Amino acid sequence: MNGKILIIGANGQLGSVLTTALQNRYGLENVIASDLRKQEHNHGIFEIIDATDYDRIQHVVTQYNITQIYHLAAILSAKGEVNPLQTWDINTKTLLNVLEISRLNHIEKVFYPSSIAVFGAAALKHNTPNDSYLNPSTVYGISKVDGENWVQYYFLKYGLDVRSIRYPGVIGYQTLPGGGTTDYAVDIYHKAVLKEPFVCFLKEDTTLPMIYMDDVIRATMELMEAPSEKIKIRTSYNIAGLSFSPKDVALEISKILPNFIIAYKPDFREDIAKNWPKSIDDSHAQIDWGWQPNYNLEAITKSMISALNDYYK
Ligand code: AKB
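Residues numbered from 1 in each chain as written. Predicted model: local features only at pLDDT ≥ 70, side-chain atom pairs only at ≥ 80, totals over all residues.

Asker: I would appreciate a short explanation of the overall build of the protein in the present structure.
Answerer: Looking only at helices and strands, the protein features 11 helices and 12 strands. Relative to a compact globule of 313 residues, whose C-alpha radius of gyration would be 20 Å, the protein shows 19 Å and is just as compact. Taken over the C-alpha atoms alone, the protein extends approximately 55 × 45 × 40 Å along its principal axes. Among the 313 residues that make up the protein, the fraction classed as buried is 46%. Long-range contacts, defined here as pairs at least 24 residues apart, represent 78% of the contacts in the protein between residues at least 6 apart. (Helix = DSSP H or I, 4+ residues; strand = E, 2+ residues; numbered from the N terminus. Rg over C-alpha atoms; globule rule 2.2 N^0.38 Å. Buried ≥ 20, exposed ≤ 12 C-beta atoms within 10 Å, placed from the backbone. Contact = placed C-beta atoms within 7 Å.)

Asker: Looking at this structure, I do not really get the nonpolar core. What am I missing?
Answerer: Note on soluble globular proteins: their nonpolar side chains tend to be buried together. Judged by nonpolar contacts, the single largest core of 89 residues is most densely connected at Leu6, Ile7, Ile8 and Ile171. Once residues lying within four places of it in the same chain are set aside, the contact partners of Ile8 are Ser34, Ile49, Ala51, Ile69, Tyr70, His71, Leu72, Ala73 and Val98. (Core = buried A, V, L, I, M, F, W, Y, C linked by C-beta atoms within 7 Å.)

Asker: Sorry if this is basic, but what is going on with helix 7 (residues 213–225) here?
Answerer: Helical periodicity: at 3.6 residues per turn, an α-helix aligns residues three or four positions apart in one direction. Compared with an ideal rise of 1.5 Å per residue, which puts 13 residues at 18 Å, helix 7 spans 18 Å between its outermost C-alpha atoms and is within 8% of the ideal. Listed as buried for helix 7 are Met213, Asp215, Val216, Ala219, Thr220, Leu223 and Met224. Taken around the axis of helix 7, the buried residues stretch over an arc of 165°, which confines them to a single face. (Expected span 1.5 Å × (residues − 1). Arc of directions from axis to C-beta.)

Asker: What should I look at first to understand the site of the ligand in this one?
Answerer: Taken together, Leu76, Ser77, Ser115, Ile116, Ala117, Tyr140, Tyr167, Gly169, Gly180, Thr181 and Thr182 make up all the residues around the ligand. Within the shell around the ligand, the residues separate by chemical class into 5 nonpolar, 6 polar and no charged. (Near = placed C-beta within 6 Å. Nonpolar A, V, L, I, M, F, W, Y, C, P; charged D, E, K, R; others polar.)

Structure follows, in structure tokens:
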């Protein structure tokens, strides 16, 4: 790769792990991490960027001669419902800033994460196809549908090479998610390792598509490194990891930690989850750029418990 990568939203659940992965692959000096605040864990080059500030992004792009942008900043599904108009404003304004700056500065590649939140009641619940009718029930989902159409527009109209994945719920030990409906699937492991009971905000049988952090990082890098002609979908690719319900994770955890206790107290996040798919058809990602997940629930559970045991030691 020639040039430098800018990551916007580098302190988030995915951003912090992806930043390290990109630094390892392309060199510490070639990755510029950015977010609203600098944090202790930030290694390498870090710049403060509020992505609603067009001039600030432009300044950093010029300063470092940026050639690739990963735009990860967004307000997620559950938090987004607290202030819908602000969520819309932030999610859409930041994307349009990135797209316009990318076009004007001849950025070579842009990554834009979409989500299973684009699907709503009209989509099939099982093996949801990539080209489903999209009628999301959250403002986050609406902003991602809008975003998917904008990235395709910039590709078709200006030839901007934007690539996108619809992420399932992401599970990882490295960072805590914030503001999502799938966050329970990370919190549950923390509580289990701390030997505390877990109160789940979804019903016990609410099955959702999920993916392990290692798989999601590999998917993102494989998509970004694929030859341009292999990227046939310019809105966003479905990818599947696995599907499970809170009851399934609790059962798997109790095989390692038999005293684990879970209770269920569904709240408004259950209403969000019930409109999302239970499983995803990712055949286009498999055919176009060779996507295959590696982790099942047993492997995820072993890896999460072992890593969090070390963390809390
Ligand atoms: C959320 O729960 O909002 C996110 C997502 C599925 O995009 N994790």
